[in-house]
Amino acid sequence: MPQVLTHQQLLKIAGEFGTPLYVYHAERITEQYHRLQEAFKETSTTFFYACKALTNVSVLKHIKSIGCNADCSSLNEVQLALKAGFRPEQILYTSNNVAFSEIENAASFGVHINIDSLSNLRKFGQKYGHSYPVGVRLRPNIMAGGNLKISTGHNKSKFGIPVEDTEKVVQLMKEKNLHIRTLHIHTGSEIKDVEVFARGIEVLFELIPHFPELEVIDLGGGFKVPYVPGEEGTDITLLGKKVKEEFGTIEKRYNRKLQVWFEPGKFLVSEAGYFIVQVNVLKQSGDTCFAGVNSGLNHLIRPMFYGSYHHIENISNVAAEPQRYNITGNICETDTFAEDRMVAEIREDDYLVFYNAGAYGFEMASNYNSRFKPAEVLVKNNIPTLVRRRDTLEDLLATQVVMTD
Ligand code: LLP
């Protein structure tokens, strides 16, 4: 049974730390990591947590403590991972459309680097030649993922070097004496179908003979987790078997043994996170009852940006009859979290919890409308600890340079 925080625990934590509040459950993250290890135990697979999903340093420290590595998408994420105690060889930096200077800075830390443009690859070759093993992110032209916004491997996507340009990569490798150690793809987020990963592997397999120093196939992240009750996620046990099968074929065909890397974000942290808000105002309008909460798209933008479903429960009136609500935010935008959603009868001041809030929740939060970002709490060994305090007005002003009259 998955580890969960109960309504009672969440209510108590909300009472203690106030709302709006993100709450993360360390043991649930551990459990997900162990599921991955179990599913892939027969292949030489390494996991790099895609920390863009949630970069709170205390969470990163927990993830490091359970033996997982870190995948970063910016130099700042690299620095947060270092702060959390990851060693450079446990950190992967996969850049997209960055200035070459950012790649140089990442290299100065000695982390693994994946490059996703011919232009940066050329500059990398010019500067480092064979001295710094590097990964190449390819775009395999595969449509995958929960919706178009989070689909990154298709033939109109900005990500990666189009696979049809592989010859150019090979040319550059020869010209600049590049040490290409990794081929990388990441085709999207919320990929349920295991066959999509298999197709990605097959695209890369064809390219192996062109890269004599290849040691790693990095298949990115994108495992789907259930968001709607009863929904299924990616069958990672099946995927583990598939990966074993496909890599067995490579070994035979090319007489080469390669490592497999994955970069899961949502899989590790989505279900470990809860977002707790309180209801400010109930407003009846015709048939619709609006429950206006003390949050909005500034705190959890996924429903408005991707049309994502987050399950919502009223944890302070659990036994009441469910009623139909439009649950909306307090921002001067149409920030609807859920429409026509059945929730146990809501009263003003009730506490609502949003599930699956660990991934891309706080991380995509902003100070829009000059509102404060939520605080964050990490529950570990049953002890809730504040791991980010709430903003203050001073925080909002901290980076402003106020002109004198
Ligand atoms: N690796 C790379 C290179 C990525 O770009 C991403 C996510 C991942 C790994 C991790 O993917 P995951 O396992 O979390 O699906 N904000 C969106 C998701 C954007 C994902 C961006 N890249 C959302 O809230 O659905």
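Here the structure is shown first, and the text comes after it.
So, here's what we can say about the structure. (Residues numbered from 1 in each chain as written. Predicted model: local features only at pLDDT ≥ 70, side-chain atom pairs only at ≥ 80, totals over all residues. Heavy atoms only, no water.)

So, the overall build of the protein chain
Turning to step 1, where the next piece is worked out: Of the regular secondary structure elements, the protein chain holds twelve helices and 18 strands.
Turning to step 2, where the next piece is worked out: In summary, the protein chain has a C-alpha radius of gyration of 23 Å against a globular reference of 22 Å for 405 residues, a match within 12%.
Turning to step 3, where the next piece is worked out: The principal-axis extents of the C-alpha atoms in the protein chain amount to approximately 65 × 60 × 40 Å.
Turning to step 4, where the next piece is worked out: Here the protein chain holds 405 residues, and the buried ones make up 56% of them.
Turning to step 5, where the next piece is worked out: Taking the contacts inside the protein chain whose residues are at least 6 apart along the sequence as the reference set, 69% of them involve residues at least 24 apart.
Turning to step 6, where the next piece is worked out: Accessible area of the protein chain: about 18000 Å², with a carbon and sulfur share of 49%. (Helix = DSSP H or I, 4+ residues; strand = E, 2+ residues; numbered from the N terminus. Rg over C-alpha atoms; globule rule 2.2 N^0.38 Å. Buried < 20%, exposed > 50% of the residue type's maximum accessible area, 1.4 Å probe, protein only. Contact = heavy atoms within 4.5 Å. Areas by Shrake-Rupley, 256 points an atom, 1.4 Å probe, with all protein chains shown as cover.)

Quick notes on the pairing of strand 8 (residues 180–184)
Turning to step 1, where the next piece is worked out: The element strand 8 is extensively covered by neighbouring structure, given that five of its five residues are classed as buried.
Turning to step 2, where the next piece is worked out: Bridge count between strand 6 (residues 134–139) and strand 8: four bridges; the pairing is parallel. Its bridge partner lying in strand 8, arginine 137 is registered against histidine 184.
Turning to step 3, where the next piece is worked out: With three bridges joining them, strand 8 and strand 9 (residues 216–218) adopt parallel strand pairing. Counted as the bridge partner of leucine 183 is isoleucine 217 from strand 9. (Pairing = 2+ DSSP bridges.)

Some remarks on the side chain of glutamate 271
Turning to step 1, where the next piece is worked out: Its place among the elements puts glutamate 271 in the loop between helix 10 (266–269) and strand 11 (273–285).
Turning to step 2, where the next piece is worked out: Contact partners of glutamate 271, with chain neighbours within four places excluded, come to Arg28, Gln32, Val225, Pro226 and Asn356.

Some thoughts on the pattern of salt bridges
Turning to step 1, where the next piece is worked out: The final tally for this structure, using the stated rule, is 18 salt bridges.
Turning to step 2, where the next piece is worked out: Glutamate 38 is the partner of lysine 41 in a salt bridge, and the nearest nitrogen-oxygen pair spans 2.6 Å.
Turning to step 3, where the next piece is worked out: When its relative accessible area of 47% is taken as the criterion, glutamate 38 is described as partly exposed.
Turning to step 4, where the next piece is worked out: The closest approach of N and O atoms between lysine 176 and glutamate 175, which form a salt bridge, is 3.9 Å.
Turning to step 5, where the next piece is worked out: Lysine 176 sits in the buried class, given a relative accessible area of 19%.
Turning to step 6, where the next piece is worked out: A relative accessible area of 55% places glutamate 175 in the exposed class.
Turning to step 7, where the next piece is worked out: Each of Arg28, Glu31 and Glu271 takes part in one network of salt bridges that share partners. (Salt bridge = Lys/Arg side-chain N within 4 Å of Asp/Glu carboxyl O.)

Considering the site of the ligand
Turning to step 1, where the next piece is worked out: Near the ligand, the surroundings consist of 17 residues, among which Ser189, Glu263, Lys266, Arg302 and Tyr306 are the closest.
Turning to step 2, where the next piece is worked out: Contact between the ligand and glycine 265: an oxygen atom at 2.9 Å from a main-chain N or O atom of the residue.
Turning to step 3, where the next piece is worked out: The separation between an oxygen atom of the ligand and a polar side-chain atom of tyrosine 360 is 2.7 Å.
Turning to step 4, where the next piece is worked out: Considered on its own, the ligand offers 580 Å² of accessible surface; in the complex 91% of this is hidden by protein.
Turning to step 5, where the next piece is worked out: Split into classes, the residues belonging to the shell around the ligand amount to six nonpolar, five polar and six charged. (Near = heavy atom within 4 Å. Polar contact = N/O pair within 3.5 Å; in protein donor to acceptor, adjacent residues only side chain to side chain. Nonpolar A, V, L, I, M, F, W, Y, C, P; charged D, E, K, R; others polar.)

Observations regarding helix 6 (residues 118–128)
Turning to step 1, where the next piece is worked out: All of the buried residues along helix 6 are Asn120, Leu121, Phe124, Gly125 and Tyr128. Along the axis of helix 6, the buried residues cluster in a sector spanning 140°; they form a single face.
Turning to step 2, where the next piece is worked out: Along its buried surface, helix 6 packs onto helix 5 (100–109), strand 5 (112–115), strand 6, strand 7 (161–162) and helix 7 (166–176).
Turning to step 3, where the next piece is worked out: At the exit of helix 6 stands glycine 129, carrying a positive phi of roughly 50°. (Arc of directions from axis to C-beta.)

Side note on the environment of phenylalanine 205
Turning to step 1, where the next piece is worked out: Secondary-structure assignment places phenylalanine 205 in helix 8 (residues 194–207).
Turning to step 2, where the next piece is worked out: For phenylalanine 205, a relative accessible area of 3% puts it in the buried group.
Turning to step 3, where the next piece is worked out: C-alpha of phenylalanine 205 to C-alpha of histidine 179: the two residues are 26 residues apart in sequence and 18 Å apart in space.

Overview of the packing of aromatic side chains
Turning to step 1, where the next piece is worked out: Applying the stated criterion across every chain yields a total of 20 aromatic pairs.
Turning to step 2, where the next piece is worked out: Ring plane angle 85° and centroid distance 5.6 Å describe the contact between phenylalanine 124 and tyrosine 132, whose orientation is recorded as edge-to-face.
Turning to step 3, where the next piece is worked out: Residue class for phenylalanine 124 comes out buried when judged on its relative accessible area of 0%.
Turning to step 4, where the next piece is worked out: Ring centres of phenylalanine 223 and phenylalanine 267 lie 5.8 Å apart, and the angle between their planes is 90°; this geometry places the pair in the edge-to-face category. On the criterion of sequence distance, the pair formed by phenylalanine 223 in the loop between strand 9 and helix 9 (236–254) and phenylalanine 267 in helix 10 is long-range, its members being 44 residues apart. Per residue, the accessibility class of phenylalanine 223 equals that of phenylalanine 267, and both read buried.
Turning to step 5, where the next piece is worked out: Within the aromatic cluster, the residues linked to one another by ring pairs are Tyr33, Phe40, Phe47, Phe197, Phe223, Phe262 and Phe267.
Turning to step 6, where the next piece is worked out: In this structure, lysine 149 is placed above the aromatic ring of phenylalanine 305, and the distance from its NZ or CZ to the ring centre is 4.7 Å. (Phe/Tyr/Trp six-rings, centres within 6.5 Å; stacked < 30°, edge-to-face > 60°. Lys NZ or Arg CZ within 6 Å of the ring centre and 35° of its normal.)

Some details on a nonpolar patch on the surface
Turning to step 1, where the next piece is worked out: The grouping of Phe372, Leu393, Leu397 and Val402 at the surface amounts to a nonpolar patch, some 380 Å² of accessible area in total.
Turning to step 2, where the next piece is worked out: Assignment of secondary structure puts leucine 393 in helix 12 (residues 393–397).
Turning to step 3, where the next piece is worked out: Taking relative accessible area as the criterion, leucine 393 reaches 51% and is therefore assigned exposed. (Patch = residues over 30% accessible without salt bridge, like charges linked within 9 Å, V, L, I, M, F, W, Y side chains within 5 Å.)

Let's talk about the nonpolar core
Turning to step 1, where the next piece is worked out: With 104 residues, the main nonpolar core has Tyr49, Ile113, Phe124, Leu183, Phe262 and Ile327 as its most contacted residues.
Turning to step 2, where the next piece is worked out: The contact partners of isoleucine 113, leaving out residues within four places of it in the chain, are Tyr93, Ile103, Ala106, Ala107, Phe124, Tyr132, Val134 and Gly135.
Turning to step 3, where the next piece is worked out: Judged by nonpolar contacts, the second largest core, of 16 residues, contains Leu5, Val23, Tyr355 and Val377. (Core = buried A, V, L, I, M, F, W, Y, C linked by side-chain atoms within 4.5 Å.)

Thoughts on the environment of isoleucine 63
Turning to step 1, where the next piece is worked out: By the element assignment, isoleucine 63 lies in helix 3 (residues 57–65).
Turning to step 2, where the next piece is worked out: Take isoleucine 63: its relative accessible area is 0%, and that puts it in the buried class.
Turning to step 3, where the next piece is worked out: Linking isoleucine 63 and tyrosine 33, residues 30 residues apart in sequence, is a C-alpha distance of 8.8 Å.
Turning to step 4, where the next piece is worked out: Those residues in contact with isoleucine 63 that sit more than four places away from it in its chain are Ile29, Tyr49, Cys68, Asn69, Phe86 and Val269.

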